[in-house]
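What follows is each chain in one-letter form.
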Amino acid sequence: MADVVWTIQRLLTWTTDFFGERGIENPRLDAEVLLSAVLGRDRMYLYVHFDEPLEAEELARFRAYVKDRAAHMPLAYVLGTREFMGLDFRVTRDTLIPRPDTEVLVECAVDFLRTRASAGAGDLCIADIGTGTGAIALSVLHYTEGAHADAVDISSAAAAVARENAERLGLAERIDVHVGDLAAPLMGRMYDMILSNPPYIPTADIGTLMPEVRGYEPHLALDGGADGLDFYRRLMVNIPAMLRDGGAIAVEVGIGEAHDVAALMETHPRIVRTETMRDLGGIERVVMGHTE
Ligand code: GLN
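Residues numbered from 1 in each chain as written. Predicted model: local features only at pLDDT ≥ 70, side-chain atom pairs only at ≥ 80, totals over all residues. Heavy atoms only, no water.

Chemist: I'd like a description of the site of the ligand, backed by residues and values.
Modeler: Taken together, L96, R99, N197, P198, P199, Y200, I201, V213, A221 and L222 are the residues near the ligand. For the ligand, an oxygen atom lies 2.9 Å from a polar atom in the side chain of R99. One nitrogen or oxygen atom from the main chain of A221 is found 3.5 Å from an oxygen atom belonging to the ligand. If the ligand stood free it would expose 300 Å²; the protein chains cover 87% of that surface. Spatially, the ligand is embedded in the largest pocket. (Near = heavy atom within 4 Å. Polar contact = N/O pair within 3.5 Å; in protein donor to acceptor, adjacent residues only side chain to side chain. Areas by Shrake-Rupley, 256 points an atom, 1.4 Å probe, with all protein chains shown as cover. 1 Å grid on protein atoms, 1.4 Å probe; cavity = no way out; pocket = protein on both sides within 12 Å on 5 of 7 lines; lining within 4 Å. Sits in = over half its atoms within 2 Å of the grid points.)

Set out below in structure tokens:
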């Protein structure tokens, strides 16, 4: 083995087989993503430089990545970043990894806020409850000129990641990140829109999630109690009272939860109408409640 030269091609072949044996879902793709991260190049580079050998230091870093990924650590945690809404977010094991499904929530928020702005509303304010990486609040700010956000997380480690992302994206002046339980730190303030992707997996289902999710992502951000709806019930107690007239609340929901969450929203006297949006897989993913 000592005289084996670890070229790009040889590493990709070896790693793809190794990941395959370990039950990793997309072994070739993950091997390519990790190797291009180590080399600081895009994936196309690998194909044009199959015979290039790695430096000892690059090889050592690649080995460490491969070991973590083979143990089913999600790629986003191995690399420490994840793309969401075209922006690059830092992620750690204190934060849920942003999902493409959640882009539906952001798009619906951006549409709503732009419409409100063109109808003459100035000084747009949003809140993001359970912000994690800050992905929701920060991408809404990035795509909505002039808006300001308050973001809250119960985990101070997650709040630190959200603040770091705000700095990285040049949005630090437009967001305040608070540590606390749901909207507790925001009492007395009023918003045009309140957003949340709360934990919504029924407790008994946590054990059935992919090893990547159940073994690595924070259960604090996943576990929604016996029926998955605990946080929606808690949000409905006082959140609608924090909406400006014509404002709205929009939340992400788990599979099969949209109907119950809409019914919960409608129990609050300030919510006069609800609507549901589907994700790219056709699943009802976002429930929005409007005030008058
Ligand atoms: N979408 C995540 C999953 O299915 C759950 C996110 C959440 O509970 N808010 O793993």
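Chemist: Describe the pairing of strand β5 (residues 175-179), with residues and values.
Modeler: Note: strand β4 (residues 148-153) against β5, five bridges, orientation parallel. Bridge assignment links D150 to a residue of β5, and that residue is D176. Following the chain from β4 across helix α8 (residues 156-168) to the adjacent parallel β5, one finds a crossover that is right-handed. (Pairing = 2+ DSSP bridges. Helix = DSSP H or I, 4+ residues; strand = E, 2+ residues; numbered from the N terminus. Right-handed = clockwise from strand over helix to strand, strands pointing away.)

Chemist: Lay out helix α4 (residues 56-70) in plain terms, naming residues and giving numbers.
Modeler: Relative to the 21 Å expected for 15 residues at 1.5 Å per residue, α4 spans 21 Å between its end C-alpha atoms, a close match to the ideal helical length. Of all the positions in α4, only E58, L59, F62, Y65, V66, R69 and A70 are classed as buried. An end-on view of α4 places all buried positions within 125 degrees of arc, on one side of the element. For α4, the exposed residues set more than 90 degrees away from the buried face come down to A56, R63 and K67. (Expected span 1.5 Å × (residues − 1). Buried < 20%, exposed > 50% of the residue type's maximum accessible area, 1.4 Å probe, protein only. Arc of directions from axis to C-beta.)

Chemist: Let's hear about the layout of surface pockets: which residues, and what values?
Modeler: Empty space within the largest pocket amounts to approximately 980 Å³. For the largest pocket, the lining is made up of 38 residues, of which I97, R99, M210, V213 and E217 are closest to its centre. Mapped by element, the contributors of at least two residues to the lining of the largest pocket are α2 (27-39), α5 (75-79), β1 (81-84) and α9 (211-216). Considering only residue class, the lining of the largest pocket consists of 21 nonpolar, five polar and 12 charged. Size it by volume and the second largest pocket reaches roughly 530 Å³. Around the second largest pocket, the lining is made up of 30 residues, and of these G130, T131, G132, D153 and A221 lie nearest the centre. Of all the elements in the fold, those that place two or more residues in the lining of the second largest pocket are α7 (135-143) and β4. Of the residues in the lining of the second largest pocket, the class split is 16 nonpolar, 10 polar and four charged. (Points joined across faces, edges and corners; volume = space filled by probe spheres on them. Nonpolar A, V, L, I, M, F, W, Y, C, P; charged D, E, K, R; others polar.)

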